[in-house]
Amino acid sequence: MGRVYTIAVAVFCAIGSFLFGYDSGIISSVITFSEFKNFVNNPGNYDSLSGAVVSTFTGGCFFGCAAAGWVNDRFGRRLTVQLGALIALWGCAMQTGANNFACMLTGRIIAGLAIGILSMTVPLYNTEIAPAKHRGFVVGLTQQMIGIGFIVANWVGYGCQFLQGSKQWRLPLGLQLAPALLLLIGAQFMPRSPRWLLEQGREEEAHAVVLKLHGGSPEHREAAGREFVEMREIIEAEKVVRARSIRDLWATRGMLRRTLVAVGVQVFGQFSGINVINYFGPSMYKALGLSPGQSLLVQGIYGAVGPITNFFFITLILDTVGRKKPLMFGAGSFVVTYSVLTAIVACFPPDQSTNLAAQRAGIAMIFMTSIFFSLSFGPVSWVLASEVFPTRTRSIGTSVATCSNWAFNVLFSQVSNLAINDISWRYYLVFICLNAFDFVVIALFFPETKGKTLEQMAAVFGDEVDPLDLRTHEKMDHHEMDAEKS
């Protein structure tokens with residue numbers, strides 16, 4: 001029963017990730033709508049302005065994510081989720097009711113702040129409530145719900161293209177209000193993170209949450225007791241050896257390695273180029289020779305491929321195979337798919353060639369990229385970035401790692417549409433080189449963390465001071481002093 005409860009809570013919290021996927025995905029359809037182009041009313045600069053619609057959102061995500069580290073430590077994970085949902089309501093309402101382009105951009109920035117908060121808080125919260133042997137699945141629900149958000153966004157976008165007037169783009173943007181409101185209200189019934197409660201000195205509440213997450217049977221209660229004791233001792237020891245500061249992320253060799261791994265896996269996820277496809281998929285399909293309507297239809301089908309693959313992966317593979325091997329598989333696969341895509345577009349230019357076989361092969365490579373992403377960086381990047389840090393620095397560390405993701409997201413979202421239009425297939429060469437680099441770095445420097453409790457990561461990363469050992473030594477010292485006094 002405890003496992004079912006934990007998964008149910010994690011799924012509900014991941015509505016924040018659904019918002020992430022929907023808000024990111026719906027704009028790829030909206031910027032192709034004729035009514036939205038009329039609303040912008042600047043055909044000469046539409047490519048750069050549509051890029052601004054995307055990049056202002058991702059810029060807002062960066063700053064929201066940066067602030068969320070402090071907010072999570074100060075107010076807890078649950079209240080931070082509610083704050084993100086509240087800001088999402090504000091931003092989505094501004095986009096839906098925008099009467100000029102400046103209002104639209106402001107709404108995108110505000111919505112970005114909300115998604116930035118949720119993008120790091122959802123995996124952070126799910127990491128701290130998940131049992132070690134199922135943590136890959138529980139935290140992998142983040143990517144699952146992002147993917148479902150993309151599915152819904154793609155099909156809503158496909159349907160709304162047939163509407164007339166401004167509701168063609170206002171309706172799909174306004175639908176975001178429903179999940180944001182549900183998350184705002186429902187998050188009040190989620191348990192607080194037991195590790196955050198322990199940091200605040202609220203041991204009884206933390207113990208009650210751990211018992212609830214494990215279930216009520218005698219063996220589950222015994223396991224909950226052992227986990228609670230380990231949590232408490234590690235967190236108390238961390239208070240002795242660490243302050244809560246961003247400098248802690250590179251204070252020791254072990255912490256620096258944790259930080260580089262967490263930042264690296266998030267940045268390498270962007271190097272996969274998946275968000276270039278997600279944001280500008282219809283534009284890429286048009287470059288392969290499809291009509292706007294066909295592009296949106298293919299994008300809708302494409303959106304379903306990732307979540308189906310991701311669910312299979314997090315359910316059956318991730319907690320068995322681990323983190324490192326899927327990442328290496330993903331990086332190597334992207335080198336292959338982008339190489340084939342580059343060759344197809346270079347040899348059969350869409351504006352010159354009518355080779356349908358080449359067209360289909362190019363679309364197949366885009367679909368394969370999505371499948372390989374869902375078998376590697378998609379779920380693993382969220383799991384690894386949030387599980388490697390100790391409790392005292394987990395919030396700020398996850399914030400920094402996710403900020404790096406958003407920083408590169410901003411870069412790619414701003415330049416990709418222009419690059420695809422201006423240099424065509426040569427742009428894909430960038431991703432071939434980046435993923436070849438990723439493969440080597442992951443193979444040489446990334447550790448394996450599967451099956452480890454969050455408190456056992458010190459051994460994985462070779463911390464100079466093991467908090468558990470320190471706590472044990474402190475107890476021994478106290479016993480020796482008591483013995484001398486007696």
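Scroll up for the structure.
The following refers to the structure shown.

Rules used in this analysis
Residues numbered from 1 in each chain as written. Predicted model: local features only at pLDDT ≥ 70, side-chain atom pairs only at ≥ 80, totals over all residues. Heavy atoms only, no water. Helix = DSSP H or I, 4+ residues; strand = E, 2+ residues; numbered from the N terminus. Buried < 20%, exposed > 50% of the residue type's maximum accessible area, 1.4 Å probe, protein only. Contact = heavy atoms within 4.5 Å. Phe/Tyr/Trp six-rings, centres within 6.5 Å; stacked < 30°, edge-to-face > 60°. Polar contact = N/O pair within 3.5 Å; in protein donor to acceptor, adjacent residues only side chain to side chain.

In this structure, Arg257 sits in helix H13 (residues 253-271). When its relative accessible area of 33% is taken as the criterion, Arg257 is described as partly exposed. Non-local contacts of Arg257, meaning those with residues more than four positions away in its chain, are made with Phe445, Phe446, Pro447, Val460 and Phe461.

So, on to the packing of aromatic side chains. Going through the model one piece at a time under the given rule, you end up with 21 aromatic pairs. Ring geometry for Phe18 and Tyr22: centres 6.3 Å apart, planes at 20 degrees, overall stacked. Of the two residues, Phe18 and Tyr22 are both situated in helix H2 (residues 15-30); the distance of four residues between them amounts to about one turn of the helix. A single burial state applies to Phe18 and to Tyr22, both of which are buried. Each ring, one from Tyr338 and one from Phe431, has its centre 5.3 Å from the other, and the planes form 20 degrees; the classification is stacked. Here Phe431 lies in helix H21 (residues 426-445) and Tyr338 lies in helix H17 (residues 324-347), a separation of 93 residues in the sequence. Among the residues examined, Phe431 registers a relative accessible area of 1% and is labelled buried.

Moving on, we come to unusual backbone geometry. Although it is not a glycine, Asn41 sits at a positive phi angle of roughly 60 degrees. As for its placement among the helices and strands, Asn41 is situated in the loop between helix H3 (34-40) and helix H4 (46-75).

Another aspect to go through is the side chain of Ser24. Along the chain, the position of Ser24 falls in helix H2. Classification of Ser24 as buried rests on a relative accessible area of 1%. For Ser24, the side chain forms a polar contact with the main-chain oxygen of Phe20, separated by 2.7 Å.

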